[in-house]
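Remarks on the overall topology
Residue-level listing of the chains:
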Amino acid sequence: MNHTSRRILCLTLLSALAFLAAPCARAQWTVPTPEELSMTSQPEVPGAAAVYLFREETTEDKLHMFSIYVRLKVLTERGKEYANVELSYAHSNEGGSTDIDDIQGRTIHPDGTIIPFTGKPYEKLVEKTQGVRFMAKVFTLPDVEVGSIIEYRYKLRLGDNWFRAPQWYIQTALYTRKAHYSWRPTDKQLISSEDGGLTNTISWTKILPAGTDLKETQLPSRAYEDGQYIFDLNAHDIPPAPEEDYMPPISSFTYRVLFYYSPYRTGDEYWKNEGKRWAKSRDKFIGPGPVVTAAVHDIILPADSQDQKLRKIYAAVMKLENTNYTREHSSTEEKSQGLKEVHTTDDIWTRKRGNNDQLTALFVAMARAAGMKAYLAVITSRDRSVFFRAYLSMSQLDDDVAIVNVDGKDQFFDPGSRYCPYQHLEWKHSQTSGLRQMDGGAGPVETPGETYLYSKTTRIADLTMDEHGEVSGILKMTYLGSPALHWRQRASPATTKASNANFAPTSNASCLPEPTSRSPPSRSSKTTNNPSSSPSPSKETWAPPPASACSSPLISSRSTRSRRSPTKNERSRSTSHTPALIRTPSASSSHRPSK
């Protein structure tokens, strides 16, 4: 071996050692400062239960890994609840599963005493849907007291053939002193396993406070490879998201940066093409097929008006089992009953049951079988979020509602919401936005609201005060409209074991919900941000090494030209299993930023 060869080998070994040592260096715990140990409050948020001293999230696409690190200061007794940590992940039958490992943690007392976490996290099943199990790893950091500093870190891993664009939520329920986010995206050519589409851009939507910027850098090129692109963001002194009773669901406007792979350069182009693809895929499920058509002919009469036909169809759908309010039936159970996998609305009618979206699709199919123009709409539930057109992702659309043209006028229906009256929408589906099917494609939709007379709560008290000042009597609370629907759903057998004659829901879907009597519902506060003071959101696009086409963040790369066909089952928007992108051998390495 000559001198030059020895030198090259030496440099290679040194580079390898430096690469291996880098993660170890980053993995060292942060030494707390005297000020952090002794602090008892955060002046910007008097009375706060806890504050984040530091939060970090780094994404390494080459390692298919997210690394999360949290440092939190407990300030009150209520803040001790943050010692209980629950980390979510999901397992999917169709690939794209995630897992969490390398969980480490420790507690630091104000006197500097360190108590490491030595336990084993408990694995908990949170929810099980068709093909997806939502899991969580749960653990409690040891000996946490007021004044303690909590530290923990973990890694969320994807499969070797999968990528996922990160979503950085800068603003949380707690004050954040410092935070750091970093992403090194892949340079592989990717395609979506859902629709086989290619992409050559990564896009993002950002809402950031003044003085906080998203930085893009490119490392120097090496040999035949272009330099690695890096997205980086440092934030400090981020106030907690406002939290008040009865706030509207505007939490989607808190500070954040949402990345996603997309082949589209404009929002109009995205929603037009993705909406058309969505509408086509839903039509394949809706039909109607021969089973639904035959059922409709048995339900309606030729002499019925369009409204009479639709009322009969709506009542028939509302009589079916809504598994969102009962239980999901396993594939093994359905197989034992001689039932095959669900592919169309014919299968839903045969089963006499389905989830909320399946029943809505069935209603549309039956309306079409009755000779009426009927369409599906997918919307954002306004008890959760607000539709954000600048965020190019179908994942923000939650639930389906139906639109039927009755005597020349479009009317909205909500057959997937149990007990919802005919020609009405459940509150969370009213006055919200999304996409709707149209002849030949899809377009934007705004759902109507109810008049102020529709919903009412009446409280009548017949009370007597005795000579001792004690009050006794009867307090009667009557709910009409949306509050009544809320309590009827709450009182269904699947949601409560206690039955009350006053809550017996009727199957007559064409009338308003019967008045019900009960204590008023407790409404959870929403973590939101005041839109009047929020900076206006912006969307930016750049072209990295050809990435992939996907309306949602989960990405896959496989060294093959074969493409998995889209599943024939209807789309389930209640899962985190999002469409994947597959790498093709013809991946290009050219990439340049562009705005």
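Summary of the structure given here.

Parameters at a glance
- Residues numbered from 1 in each chain as written.
- Predicted model: local features only at pLDDT ≥ 70, side-chain atom pairs only at ≥ 80, totals over all residues.
- Heavy atoms only, no water.
- Helix = DSSP H or I, 4+ residues; strand = E, 2+ residues; numbered from the N terminus.
- Buried < 20%, exposed > 50% of the residue type's maximum accessible area, 1.4 Å probe, protein only.
- Contact = heavy atoms within 4.5 Å.
- Areas by Shrake-Rupley, 256 points an atom, 1.4 Å probe, with all protein chains shown as cover.
- Patch = residues over 30% accessible without salt bridge, like charges linked within 9 Å, V, L, I, M, F, W, Y side chains within 5 Å.
- Salt bridge = Lys/Arg side-chain N within 4 Å of Asp/Glu carboxyl O.
- Pairing = 2+ DSSP bridges.
- Axes fitted to C-alpha atoms, helices over the stretch in contact; angles between N-to-C directions.
- Phe/Tyr/Trp six-rings, centres within 6.5 Å; stacked < 30°, edge-to-face > 60°.
- Lys NZ or Arg CZ within 6 Å of the ring centre and 35° of its normal.
- Parallel < 35°, antiparallel > 145°, perpendicular 65-115°, else oblique.
- Left-handed = near helix turned anticlockwise from the far one by under 90°.
- Expected span 1.5 Å × (residues − 1).

Below, the discussion takes up the overall build of the chain. When its secondary structure is counted, the chain shows 9 helices and 30 strands. The buried share of the chain, taken over its 595 residues, is 48%. Taking the intrachain contacts of the chain between residues at least 6 apart in sequence as the baseline, contacts between residues at least 24 apart amount to 76%. Total accessible area on the chain stands at roughly 29,900 Å², and carbon and sulfur atoms take up 52% of it.

Taken together, the side chains of Leu463, Met465 and Val471 make up a nonpolar region of the molecular surface, amounting to roughly 310 Å² of accessible area. Here Met465 shows up in strand β25 (residues 456-465). Looking at Met465, the relative accessible area reads 58%, which means it is exposed.

Attention now goes to the sheet that holds strand β4 (residues 98-108). Ordered by their spatial adjacency, 8 strands build an open sheet running β5-β4-β8-β2-β1-β11-β15-β14, and the pairing between neighbours is mixed. Edge positions in the open sheet fall to β5 (114-116) and β14 (214-218), since each of these has one partner strand only. Neighbour-to-neighbour, the strand axes of the sheet open up by a mean angle of 15°, direction not taken into account. Here strand β1 (residues 50-60) pairs with strand β11 (residues 175-184) via 8 bridges, running parallel.

So, on to the side chain of Asn322. In this fold, Asn322 is placed in strand β18 (residues 321-322). Not counting residues within four places of it along the chain, the set of residues in contact with Asn322 comprises Gly354, Asn355, Asn356, Leu359, Gly416 and Arg418.

Right, let's get into the pairing of strand β22 (residues 409-413). Where strand β21 (residues 399-406) lies against β22, 5 bridges are found, and the strand directions are antiparallel. In the strand pairing of β22, Ala402 is matched with Phe413.

The next thing to look at is the packing of aromatic side chains. One pass over the full model with this rule turns up 22 aromatic pairs. Plain terms: the ring middles of Phe54 and Tyr69 are 6.1 Å apart, the flat faces sit at 65° to each other, and that makes the pair edge-to-face. With Phe54 in strand β1 and Tyr69 in strand β2 (residues 65-74), the pair connects residues that are 15 residues apart, well separated along the chain. For Tyr69, a relative accessible area of 9% corresponds to the buried category. Geometrically, the ring pair formed by Trp183 and Phe231 is stacked, given 5.6 Å between the ring centres and 20° between the ring planes. With Trp183 in strand β11 and Phe231 in strand β15 (residues 229-238), the pair connects residues that are 48 residues apart, well separated along the chain. The residues Trp183 and Phe231 share a single accessibility class, namely buried. In this arrangement the basic side chain of Arg436 is found over the ring face of Tyr375, its NZ or CZ atom lying 5.0 Å from the centre. The side chain of Arg488 reaches across the aromatic face of Tyr419, ending 5.3 Å from its centre.

Looking now at the packing of helix α5 (residues 306-318) against helix α8 (residues 356-369). Running from N to C, α5 and α8 point in directions that differ by 150°, and their axes come no closer than 10 Å. Classified by the angle between their axes, α5 and α8 sit roughly antiparallel to one another. You can see that α5 and α8 cross each other, and the crossing is right-handed. Residue-level inspection shows Leu310, Ile313, Tyr314 and Val317 of α5 in contact with α8, the latter providing Leu359, Leu362, Phe363, Met366 and Ala367.

Right, let's talk about α5 for a bit. For α5, with 13 residues, the first-to-last C-alpha span of 18 Å sits near the 18 Å given by 1.5 Å per residue. Taken residue by residue, α5 has Lys309, Leu310, Ile313, Tyr314, Ala316, Val317 and Met318 as its buried positions. Of the surrounding elements, those touching the buried residues of α5 are α4 (290-299), α7 (345-351), α8, β21 and β22.

None of this, on its own, says anything about what the molecule does.
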